[in-house]
Amino acid sequence: MKTKFYFLVISLLAICSVCLPACDNDEKGDVTKPVIDLIEPEEGAVLKIGNEKGVHFEMNLSDDVMLKSYKINIHNNFDHHGHDSRAAGQKNIAFTFDKVYDVSGLKNTKVHHHDIVIPADAAPGDYHLMVWCTDAAGNQTEVARNIVLSADGGTETEHDHDHE
């Protein structure tokens, strides 16, 4: 009888030692953050105010399991992150852009668009461009760039391709 009891206990311990670590791994799930490869605008890019074609925005997103969304935010950095909307007597308005895009169901995607249009009355100066990418598990990565808005022109590269 004791032999059967010991055999039963050893069998249960063996089963638990195999099952419990597997359950623990399932609970952790996807812990890897998505990857953002922001191609344009580059760090320090000078973007033209009033360009009706929009800013050339290009990046690659990837995740080991599944992407969910990405967000682009542009806000002023006039006093190096004080976020004042305009200086006294200034007619121009600080430019802001804040938009979330759905990429659910994709593991990798190349993003290319010209959605960011800087109006003619945008205040020139230093701005921050922020991009966040979230995967289906809620892991998030962010990339930040310093950019400049200028009425005199920009350093945006010309590109030759079809627009969708």
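The text that follows walks through the structure, step by step, so that each part is easy to find. (Residues numbered from 1 in each chain as written. Predicted model: local features only at pLDDT ≥ 70, side-chain atom pairs only at ≥ 80, totals over all residues. Heavy atoms only, no water.)

**Describing the pattern of salt bridges**
Pairs can form between side chains of opposite charge whenever their charged atoms are close.
Part 1: Taken as a whole and assessed by the stated rule, the structure comprises three salt bridges.
Part 2: Across the pair glutamate 58 and lysine 110 runs a salt bridge whose closest N-O atoms are separated by 3.1 Å. One end of the pair, glutamate 58, is in strand 3 (residues 57-62); the other, lysine 110, is in strand 6 (residues 108-113), with 52 residues separating them in the sequence.
Part 3: What makes lysine 110 exposed here is its relative accessible area of 54%.
Part 4: For the salt bridge of lysine 99 with aspartate 115, the shortest nitrogen-to-oxygen distance reads 3.8 Å. Taken as a pair, lysine 99 in strand 5 (residues 97-102) and aspartate 115 in the loop between strand 6 and strand 7 (125-135) lie far apart in primary sequence, 16 residues in all.
Part 5: Overall, lysine 99 belongs to the partly exposed group, its relative accessible area being 38%. (Salt bridge = Lys/Arg side-chain N within 4 Å of Asp/Glu carboxyl O. Helix = DSSP H or I, 4+ residues; strand = E, 2+ residues; numbered from the N terminus. Buried < 20%, exposed > 50% of the residue type's maximum accessible area, 1.4 Å probe, protein only.)

**A word on unusual backbone geometry**
Part 1: Across the junction of glutamate 40 and proline 41, the peptide omega takes the value 5°, indicating a cis bond.
Part 2: Turning to its location among the elements, proline 41 is positioned in the loop between strand 1 (35-40) and strand 2 (46-48).

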